[in-house]
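Listed below are the residues making up each chain.
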Amino acid sequence: MDIPIRIPAAFRVIAHRGSSAYAPENTWPAFELARAMGITEIETDTQLTTDGVVVLCHDIGLERYGHGTQRIEEMASDESLALDMGSWYSPYRFAGTPMMTLPQLLADFSDDFTFHIELKGRAAGLAAAVHAAVVRAGVLAQSIFTSFSYQQLVHMRAVCPEGRLGWLVSGLDRGVFGRAADLELFQLCPKADAIASGDVATARSVVAEVRVWGVSGTPQEVRALVRRALACGCDGMTINWPDWVTR
């Protein structure tokens, strides 16, 4: 067996939605397991409820979690925080696990992690609400704000000129580099199966770091993607199995 895979000391191993291969994503058990594994960086997804609370949930709709056609951004916080976010993963081990808020995550783990906070939702006020929660928790220096939405990053730059921002993209090209420079991004985050060493080197003339997402598939495919990221000179990755790598 060829795991764990040895990685450089500076390479960012980011537990994707917590250690989400072993516990329901974006919940307290997944983040606590990452901490127990000795992982020092986590990624999470943020959305805004109708009453302005930042909650942690990846999907815009709740079908995958067993809650029908409801959508987080159309619900009040008391409704969303009452949802069972564990039974879809394992009714035996995680039934009744609630949704978390961003302030709760930051309060419980502020001494443990660098936080890669994805602006997943579409609400115009999301960036400002996330920034406010991070500032209140005193963890701005250990936070990186990411999004697939360039417009959400524009919103974040407006409220947080000094913030470290990362753009999640399908691949790296000249257009991406130009827009990254315009917004003075800290990271570019391409899909793991779309990177090449030359593109990574070019990206570093624009941003400080290149880290990948989409490290998924069969065990063999996951290991191959980890090695590809290392071979291309990337600075880190999000991964559901953070224990598959070691320093």
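These lines cover the structure that appears in this document, whether it is placed above or below. Being a predicted model, the structure only gives us computed values, none of them experimental.

The rules behind the values
- Position labels on residues start from 1 in each chain and follow its written sequence.
- It should be noted that, the model being predicted, local features are given only for residues of pLDDT at least 70 and side-chain atom pairs only at 80 or more, the latter also being counted only at that level, while totals for whole chains, interfaces and linings use all residues.
- Hydrogens are left out, water is left out, and the side-chain values use all remaining heavy atoms of the structure.
- Any Phe, Tyr or Trp ring, taking Trp's six-membered ring, that has another such ring centre within 6.5 Å forms a pair; planes under 30 degrees apart are called stacked, those over 60 apart edge-to-face, and the others tilted.
- Working definition: helices are DSSP H or I runs of at least four residues, strands are E runs of at least two. Numbering for both runs from the N terminus.
- Our definition puts a charge over a ring when NZ of Lys or CZ of Arg is within 6 Å of the ring centre and also within 35 degrees of the ring normal.
- Classification of residues uses two cut-offs on accessible area relative to the type maximum, computed with a 1.4 Å probe and protein chains only: under 20% is buried, over 50% is exposed, and between them is partly exposed.
- Taken from the helix axis, the directions to the C-beta atoms give the arc we talk about.
- We call two residues contacting when some pair of their heavy atoms lies within 4.5 Å.
- Two N or O atoms form a polar contact when they lie within 3.5 Å of each other; inside protein one atom must be a possible hydrogen donor and the other a possible acceptor, and for residues adjacent in sequence the pair counts only when both atoms belong to side chains.
- Note on definitions: angles span 0 to 180 degrees between N-to-C directions of axes, and those axes are lines fitted to C-alpha atoms, for helices only across the stretch in contact.
- Under this scheme an angle from 65 to 115 degrees is roughly perpendicular, one under 35 degrees roughly parallel, and one over 145 degrees roughly antiparallel; angles in between are oblique.
- It is the rotation of the near helix from the far one that decides the hand of a crossing: anticlockwise by less than a right angle makes it left-handed, clockwise makes it right-handed.
- Side-chain classes follow a simple rule in which Ala, Val, Leu, Ile, Met, Phe, Trp, Tyr, Cys and Pro form the nonpolar group, Asp, Glu, Lys and Arg form the charged group, and the remainder, Gly included, forms the polar group.
- Crossovers are described as right-handed under a simple rule: with the strands pointing away from the observer, the path leading from the first strand over the helix to the second runs clockwise.
- In this scheme, strands are said to pair when DSSP sees at least two bridges between them.

## Here's the deal with the packing of aromatic side chains
For step 1, the next point in the chain: Tallied over the full model, the rule gives 10 aromatic pairs.
For step 2, the next point in the chain: Between Trp28 and Phe109 the ring centres are 5.8 Å apart and the planes differ by 45 degrees, which places this aromatic pair in the tilted class. A residue pair is termed long-range when its members are at least 10 positions apart, and Trp28 in helix 1 (residues 28-36) and Phe109 in helix 4 (residues 102-109) qualify at 81 residues.
For step 3, the next point in the chain: Site record: aromatic cluster; members linked through ring pairs are Trp28, Phe31, Phe109, Phe113 and Phe115.
For step 4, the next point in the chain: Positioned above the aromatic ring of Trp88 is the side chain of Arg64, whose terminal nitrogen or guanidinium carbon lies 5.3 Å from the ring centre.

## A closer look at helix 7 (residues 174-182)
Helical geometry: 3.6 residues make up each α-helical turn, so side chains three or four residues apart lie on a common side.
For step 1, the next point in the chain: Val176, Phe177 and Ala180 are the residues of helix 7 that are buried. All buried residues of helix 7 lie within an arc of 100 degrees about the axis, which places them on one face of the element. Exposed residues on helix 7 whose side chains face more than 90 degrees from its buried face are Arg174 and Asp182.
For step 2, the next point in the chain: At its buried positions, helix 7 is contacted by strand 7 (165-168), strand 8 (187-189) and helix 8 (197-203).
For step 3, the next point in the chain: The backbone nitrogen of Gly175 lies 3.1 Å from a side-chain oxygen of the residue at the head of helix 7, namely Asp173.
For step 4, the next point in the chain: With its phi angle positive at about 50 degrees, Glu184 sits one or two positions after the end of helix 7.

## Let's talk about the packing of helix 1 against helix 4
For step 1, the next point in the chain: Two numbers describe how helix 1 lies on helix 4: the axes approach to 12 Å, and their chain directions differ by 25 degrees. Classified by the angle their axes make, helix 1 and helix 4 are roughly parallel. Handedness of the crossing formed by helix 1 with helix 4: right-handed. The segment helix 1 lies against helix 4, with Trp28, Phe31, Glu32 and Arg35 engaging Gln104, Leu105, Asp108 and Phe109.
For step 2, the next point in the chain: Taken together, the residues of the contact of helix 1 with helix 4 sort by class into 4 nonpolar, 1 polar and 3 charged.

## Quick notes on the pairing of strand 9 (residues 209-215)
Across a regular strand the side chains alternate sides, sitting on one face of the sheet and then on the other.
For step 1, the next point in the chain: When you tally the buried positions in strand 9, you get 5 out of 7 residues, the bulk of the element.
For step 2, the next point in the chain: In this region the chain leaves strand 8, passes through helix 8 and returns to the parallel neighbour strand 9; the handedness of that crossover is right-handed.
For step 3, the next point in the chain: As defined by bridge partners, strand 9 adjoins strand 10 (residues 236-239) across 3 bridges and the pair is classed as parallel. Bridge pairing in strand 10 links Val212 to Met237.
For step 4, the next point in the chain: Handedness of the crossover is the feature at issue here: the chain leaves strand 9, passes through helix 9 (residues 219-231), returns alongside strand 10, and the resulting connection is right-handed.

## Considerations on the pairing of strand 2 (residues 12-16)
For step 1, the next point in the chain: When you tally the buried positions in strand 2, you get 5 out of 5 residues, the bulk of the element.
For step 2, the next point in the chain: A two-sided burial pattern is seen for strand 2, the buried positions comprising Arg12, Ile14 and His16 on one face and Val13 and Ala15 on the other.
For step 3, the next point in the chain: Summarising the sheet, strand 2 and strand 10 pair through 4 bridges and their orientation is parallel. When the sheet's bridge partners are listed, Val13 is paired in strand 10 with Met237.
For step 4, the next point in the chain: Two strands pair when backbone bridges link them, and strand 2 and strand 3 (residues 41-48) are joined in this way by 3 bridges, in the parallel orientation. Counted as the bridge partner of Ile14 is Glu41 from strand 3.
For step 5, the next point in the chain: In this view, the connection linking strand 2 to its parallel neighbour strand 3 by way of helix 1 has right-handed handedness.

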